[in-house]
Amino acid sequence: MYTQAMDTAARDGHASVSALAPTAREQRFEARIAAGEYVEPKDWMPDHYRRTLVRQISQHAHSEIVGMLPEGNWITRAPTLKRKAILLAKVQDEGGHGLYLYAAAETLGTSRDEMIEALHDGHAKYSSIFNYPTLTWADVGVIGWLVDGAAIMNQIPLCRCSYGPYARAMIRVCREESFHQRQGFDALYAMMTQGTRAQRDMVQDAVNRWWWPSLMMFGPPDGESTHSEQSMRWGIKRIGNDELRQKFIDAAVELAKVLGVDLPDPQLKWSPERGHHDHGPIDWDEFWRVVGGDGPCNRDRLAARVRAREEGAWVREAAMAHARKRAARDTAAQALAA
């Protein structure tokens, strides 16, 4: 859903690989990328390419799993059975996306246990957007419209990622995310056109709170994104942060008119010269503060994931014990047959 890993890793202290002269093997690898070929798990790849993918795909997977929490909080409080069923299906989809992505990351030689441990001990990140609270039912709709809309804008280019397993996983993820965005917009449209004044005010309040964090989902400006240049050369990333953010803003302005809501940016206006909307400054101090663990819900989100992992240990242990017994029975049956 959300891929800030290449940008949030910019402060991890590692030297940029672009500062090193490429070997002949790396030059052949980059020639394959330039020719539009996919890299598959058994192909040779530079260590930095592998590490970058593990970091990005695992963070993406973590984001899908943690992203279940803000909306899952509203499943039992959805206003109608229809909305409850839709939200339940959406949260289930997010869990499935996490599984696709963990599986894709495992093809790079890491294990799911290692990835989850890195999340729980704070070494791995997830998208900063999920560290904000869902205060009202309108938040669920705005997450669908703005947050999932930003995710789709980020993720469609990943369907052409140079690493084959990631690109193939993203095709299905993007199809399902398009449903998520539509259901969110539909829920908001119902409240804005059929709801009470209080409901319309609730929608506007949710838009006010989620607009700026949604813009932060694309990561910091390209000039401040240390790893983006290398990742784009390797075909992991196809479009820069600023271009994606601009496309999202231009699309959101038109949809806001349909809904009848105001976007909370007094400097937002159309620029005939650029052919795009200008917007006000984004609070990047807030972005880095939330990424660093000091957002409204960071501690609660991580504690919930750790608790779920601990409480589910017996299920994993039982499944592994069953698998071992079944394997032993199969081995014994094969020995008798021989």
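The structure we're discussing is the one just above.
Bear in mind the structure is a predicted one, so any value in this text is a computation, not a measurement. (Residues numbered from 1 in each chain as written. Predicted model: local features only at pLDDT ≥ 70, side-chain atom pairs only at ≥ 80, totals over all residues. Heavy atoms only, no water.)

Caption draft 1: The overall build of the chain, seen in detail. The secondary structure content of the chain amounts to 14 helices and 2 strands. Computed over its C-alpha atoms, the radius of gyration of the chain comes to 22 Å, within 12% of the 20 Å expected for a compact globule of 338 residues. Overall, the chain is about 75 × 55 × 35 Å in size when its C-alpha atoms are taken along their principal axes. Looking at the chain as a whole, 49% of its 338 residues qualify as buried. Look at the contacts in the chain between residues 6 or more apart in sequence, and 80% of them connect residues 24 or more apart. When the accessible surface of the chain is summed, it comes to about 16,400 Å², and 55% of that surface belongs to carbon and sulfur atoms. On the chain, the mean spot of the 42 positive side-chain charges and the mean spot of the 44 negative ones are 5 Å from each other. (Helix = DSSP H or I, 4+ residues; strand = E, 2+ residues; numbered from the N terminus. Rg over C-alpha atoms; globule rule 2.2 N^0.38 Å. Buried < 20%, exposed > 50% of the residue type's maximum accessible area, 1.4 Å probe, protein only. Contact = heavy atoms within 4.5 Å. Areas by Shrake-Rupley, 256 points an atom, 1.4 Å probe, with all protein chains shown as cover. Lys, Arg positive; Asp, Glu negative; His and termini not counted. Charge placed at Lys NZ, Arg CZ, Asp CG, Glu CD.)

Caption draft 2: Region of interest: the packing of helix 8 (residues 164-194) against helix 9 (residues 197-216). One can describe the packing of helix 8 onto helix 9 by two numbers: an axis separation of 7 Å at closest approach and a directional angle of 140 degrees. It follows that helix 8 is oblique to helix 9 by the angle criterion. Judged by the sense of rotation from one axis to the other, the crossing of helix 8 with helix 9 is left-handed. Together, Leu188, Met191 and Met192 of helix 8 and Arg200, Met202 and Val203 of helix 9 make up the contact between the two elements. (Axes fitted to C-alpha atoms, helices over the stretch in contact; angles between N-to-C directions. Parallel < 35°, antiparallel > 145°, perpendicular 65-115°, else oblique. Left-handed = near helix turned anticlockwise from the far one by under 90°.)

Caption draft 3: Focus on the packing of aromatic side chains. If you walk through the whole model with that rule in mind, you get 11 aromatic pairs. On the numbers, 6.3 Å between centres and 70 degrees between planes, the contact of Trp145 with Phe185 is edge-to-face. Of this pair, Trp145 sits in helix 7 (residues 137-155) while Phe185 sits in helix 8, and the two are 40 residues apart along the sequence. The exposure class of Trp145 is buried, given its relative accessible area of 2%. Under the relative-accessibility criterion, Phe185 is labelled buried at 17%. With centroids separated by 6.4 Å and ring planes inclined at 15 degrees, the aromatic side chains of Phe185 and Tyr189 adopt a geometry described as stacked. (Phe/Tyr/Trp six-rings, centres within 6.5 Å; stacked < 30°, edge-to-face > 60°.)

Caption draft 4: Region of the structure containing the nonpolar core. By size, the foremost hydrophobic cluster in this structure holds 52 residues, and its most contacted members are Trp145, Val203, Trp210, Trp211, Phe248 and Val261. Among the elements of the structure, helix 5 (81-106), helix 7, helix 8, helix 9, helix 11 (241-259) and helix 12 (284-291) are those that each provide at least two residues to this core. Here this core takes 11 residues from helix 7, the largest share from any one element. Excluding anything up to four places from it in sequence, Trp211 contacts Leu146, Phe248, Ile249, Ala252, Leu263, Pro264 and Asp265. Judged by nonpolar contacts, the second largest core, of 28 residues, contains Ile65, Ala104, Met115 and Met170. (Core = buried A, V, L, I, M, F, W, Y, C linked by side-chain atoms within 4.5 Å.)

Caption draft 5: Representation of helix 9 in the model. Given a rise of 1.5 Å per residue, 20 residues ought to cover 28 Å, and the 30 Å separating the end C-alpha atoms of helix 9 matches this to within 8%. Trp210 marks where helix 9 bends most, by close to 35 degrees; the proline Pro213 follows one to four residues later. Burial in helix 9 covers these residues: Val203, Gln204, Ala206, Val207, Trp210, Trp211, Trp212, Pro213, Ser214, Leu215 and Met216. Buried residues in helix 9 make contact with helix 7, helix 8, helix 11 and helix 12. (Expected span 1.5 Å × (residues − 1). Bend = angle between axes of the 7 residues up to and from the residue.)

Caption draft 6: The arrangement of a nonpolar patch on the surface in detail. Among the surface-exposed residues, Tyr189, Leu255 and Val258 lie close enough to one another that they form a single nonpolar patch of about 240 Å² accessible area. Here Val258 lies in helix 11. On the accessibility criterion, Val258 (48% relative accessible area) is partly exposed. (Patch = residues over 30% accessible without salt bridge, like charges linked within 9 Å, V, L, I, M, F, W, Y side chains within 5 Å. Salt bridge = Lys/Arg side-chain N within 4 Å of Asp/Glu carboxyl O.)

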